[in-house]
Number of protein chains: 2
Amino acid sequence: MNKWIIGVDIGGTTTKIGLFDLKGNLAEKWIITTRTENKGEGILEDIKVSILNKLNGVGINRVNVEGIGFGVPGPVLKDGTVVRCVNLGWDVINVKKEFEELAGIPTKVGNDANIAALGEMWQGSGKGYQNIVMLTLGTGVGGGIVVNGNIVPGLHGAAGEIGHIQVNDKEEAFCNCGGKGCLEQYASATAVARNASKYFEDHDTSSSVLNNHKVITAKDICDAARNGDHIAEKILENAAEQLGKAMAHIAKVIDPEIFLIGGGMSYAGQILLEKIEKYYKKYAFHASYDSKILQAALGNDAGIYGAAKLAVL
Amino acid sequence: MNKWIIGVDIGGTTTKIGLFDLKGNLAEKWIITTRTENKGEGILEDIKVSILNKLNGVGINRVNVEGIGFGVPGPVLKDGTVVRCVNLGWDVINVKKEFEELAGIPTKVGNDANIAALGEMWQGSGKGYQNIVMLTLGTGVGGGIVVNGNIVPGLHGAAGEIGHIQVNDKEEAFCNCGGKGCLEQYASATAVARNASKYFEDHDTSSSVLNNHKVITAKDICDAARNGDHIAEKILENAAEQLGKAMAHIAKVIDPEIFLIGGGMSYAGQILLEKIEKYYKKYAFHASYDSKILQAALGNDAGIYGAAKLAVL
């Protein structure tokens with residue numbers, strides 16, 4: 001009888017669910033709405049119902065599911081407790097315990113950025129490595145840390161909060177975290193779009209980006225940079241310098257085998273990777289000068305892959 | 001029959017050796033000269049001879065030694081290879097393989113700063129913890145990283161090179177590593193002494209430290225600060241700010257259970273720890289605001305404890 005594992009990636013709007021065999025082949029993938037109303041009290045029940053319906057539909061008995069893993073957008077403690085997951089409406093909830101009681105399937109829980117790193121290690125750009133740092137450049141800058149093949153959650157669930165490493169002590173604007181000069185203020189997709197708009201406001205200049213868009217998105221900047229727009233390149237350069245500096249800090253702590261760049265900004269591709277590498281080398285300790293920096297491979301599916309892998313770690 | 005383990009801490013001048021029982025009780029401790037001449041080719045042979053003599057003297061058969069661990073002042077790769085250990089005269093040498101061939105005792109090798117962290121975890125201030133960052137404030141600033149009870153060496157043996165985290169991007173003086181603004185330039189004993197001398201040269205001021213010493217050492221500054229000398233306190237404050245900032249960076253990567261402060265500078269005691277904690281809180285991510293910061297307990301013996309523990313990990 002075949003055995004199966006399930007990966008669940010809970011986001012603030014939708015929840016992605018993947019059904020995998022033990023080798024990491026994705027058999028089924030589907031999406032349900034995340035109902036965050038009433039402090040998100042229906043989220044786990046919805047997931048249980050959806051999974052049991054799916055297993056029923058494809059003819060899999062739930063006893064053949066070896067485990068289920070969850071990725072959640074917030075700090076997760078060792079015992080599977082999620083602490084104040086604002087995007088889901090949750091306060092403090094032991095997801096492992098509650099879901100095991102609901103569904104009777106062994107459950108593990110991790111932070112979504114850590115889970116994405118695990119997914120890339122299992123079936124993505126991190127295949128073959130055991131020590132990985134993944135940076136997810138999206139609305140914010142998320143970080144996933146894998147040491148010796150295991151996620152590092154940290155005492156307070158705050159390992160991998162690399163978006164809040166201070167990279168500029170002259171910054172005057174506040175970050176969401178209350179700090180000033182955090183990596184996230186320069187290298188998230190949100191920040192790149194904001195900094196681009198500010199650049200065009202402050203400078204009397206022409207650019208293909210400015211000419212064609214009323215609202216500038218990070219994707220516009222990435223596309224324009226790939227097409228040789230110098231101003232867009234300059235804006236990416238600033239993000240890349242702060243990323244390279246923070247990655248050099250990280251390497252001086254855990255010296256990983258590989259850095260992976262994922263999230264929306266990573267679609268800028270080679271042009272962004274080359275700039276990050278240039279600045280990484282500028283700030284790196286000499287012994288770690290040649291660390292590998294690669295683009296993540298699984299895109300938005302990294303979460304379900306990683307959650308499934310976590311289930312059987 | 002009792003079983004034993006041996007920890008060896010090789011320094012550029014002397015090598016410390018400790019004989020332990022499996023519970024971590026130190027039975028014998030002795031020191032030999034480290035002969036670094038001829039590319040340090042006699043170092044391992046000297047250690048073997050000294051250990052076999054000692055075992056003979058106390059009536060222990062070498063088959064009852066479960067293992068021997070080495071701490072060395074340089075980068076160590078996973079297989080026990082030490083890469084260019086300048087202080088010992090070594091180029092590239094697989095210490096594990098060579099010593100096992102010499103002495104016929106199972107051997108493990110680690111970087112001295114990592115080993116010290118392991119020693120504190122076993123029998124010092126880190127007892128009961130599995131996730132530790134230790135900062136050794138001596139000639140330089142060394143870092144030891146323990147995750148899930150194991151040393152993190154890093155791909156290039158460069159994990160824990162936290163003395164070279166850049167904390168001041170306005171610094172004009174170079175660090176030994178070739179960078180500028182490294183933590184080590186502010187927080188090592190060497191740096192504190194140098195910065196104190198510079199302060200007194202630049203300022204027309206009186207201080208008990210200045211009045212009583214021609215050459216100012218870090219110990220003088222620590223002693224004076226403990227006795228309420230405001231200038232000495234100010235000099236420590238600067239070191240503490242950079243330490244707190246770097247430790248906040250580190251917590252955003254691995255969020256350890258505990259930070260330990262060791263090395264010569266740690267003898268400043270509570271006055272230094274309080275200042276470090278103040279600045280750590282200033283820069284920390286909110287979730288990790290209350291991380292524990294303690295003084296290391298084993299002093300110069302941390303290395304032999306950690307090396308012995310490594311032998312049986």
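Figured I'd write up the structure that's included with this text. For clarity, every value in this text was computed on a predicted model and none was experimentally measured. (Residues numbered from 1 in each chain as written. Chains lettered and ligands numbered in written order. Predicted model: local features only at pLDDT ≥ 70, side-chain atom pairs only at ≥ 80, totals over all residues. Heavy atoms only, no water.)

Another point: the interface of chain B and chain A. For interface size, the figure often reported is the accessible area lost on association. Counting from both sides, the interface comprises 36 residues of chain B and, opposite them, 36 residues of chain A. A combined buried area of about 3,100 Å² lies between chain B and chain A, and 59% of that area is made up of carbon and sulfur atoms. Among the residues of chain B in contact with chain A, B:H156, B:K252 and B:V253 are the three that bury the most area, contributing 21% of the side total. Its salt-bridge partner being B:D169, residue A:K245 comes within 3.8 Å of it at the nearest N-O pair. Put simply, the parts of the chain that give the side of chain B that touches chain A at least two residues each are β9 (141-147) and α9 (230-254) of chain B. If you tally residues by element for the side of chain B that touches chain A, the top one is α9(B), at 7 residues. (Contact = heavy atoms within 4.5 Å. Buried area = accessible area lost by both parts, 1.4 Å probe. Salt bridge = Lys/Arg side-chain N within 4 Å of Asp/Glu carboxyl O. Helix = DSSP H or I, 4+ residues; strand = E, 2+ residues; numbered from the N terminus.)

What follows deals with the sheet that holds strand β4 (residues 65-72) of chain A. Residue and element names in this part refer to chain A. The 5 strands are arranged β3-β2-β1-β4-β7 in an open sheet whose pairing can be described as mixed. Looking at which strands have only one partner, the edges of the open sheet turn out to be β3 (26-33) and β7 (107-111). Taken over all neighbouring pairs, the strand axes of this sheet differ in orientation by 20° on average, direction set aside. With 7 bridges joining them, strand β1 (residues 4-10) and strand β2 (residues 14-21) adopt antiparallel strand pairing. What sits directly across from I10, in β2, is T15. Relative to the sheet, helix α2 (residues 43-58) contacts β1, β2, β3 and β4, its axis offset from that of β3 by approximately 145°. Contacts from helix α4 (residues 112-123) reach β1, β2, β4 and β7 within the one sheet, and its direction differs from that of β7 by about 105°. (Pairing = 2+ DSSP bridges. Axes fitted to C-alpha atoms, helices over the stretch in contact; angles between N-to-C directions.)

Residue and element names in this part refer to chain A. At their nearest, the axes of α4 and helix α11 (residues 302-311) sit 7 Å apart, and the two run at 85° to each other. If you check the angle between α4 and α11, you find them roughly perpendicular. Touching I115, A116, L118, G119, E120, W122 and Q123 of α4 are A302, G303, Y305, G306, A307, A308, K309 and L310, all from α11. A class-by-class count of the residues in the contact of α4 with α11 yields 9 nonpolar, 4 polar and 2 charged. (Parallel < 35°, antiparallel > 145°, perpendicular 65-115°, else oblique. Nonpolar A, V, L, I, M, F, W, Y, C, P; charged D, E, K, R; others polar.)

Nothing here speaks to function; it is all geometry.
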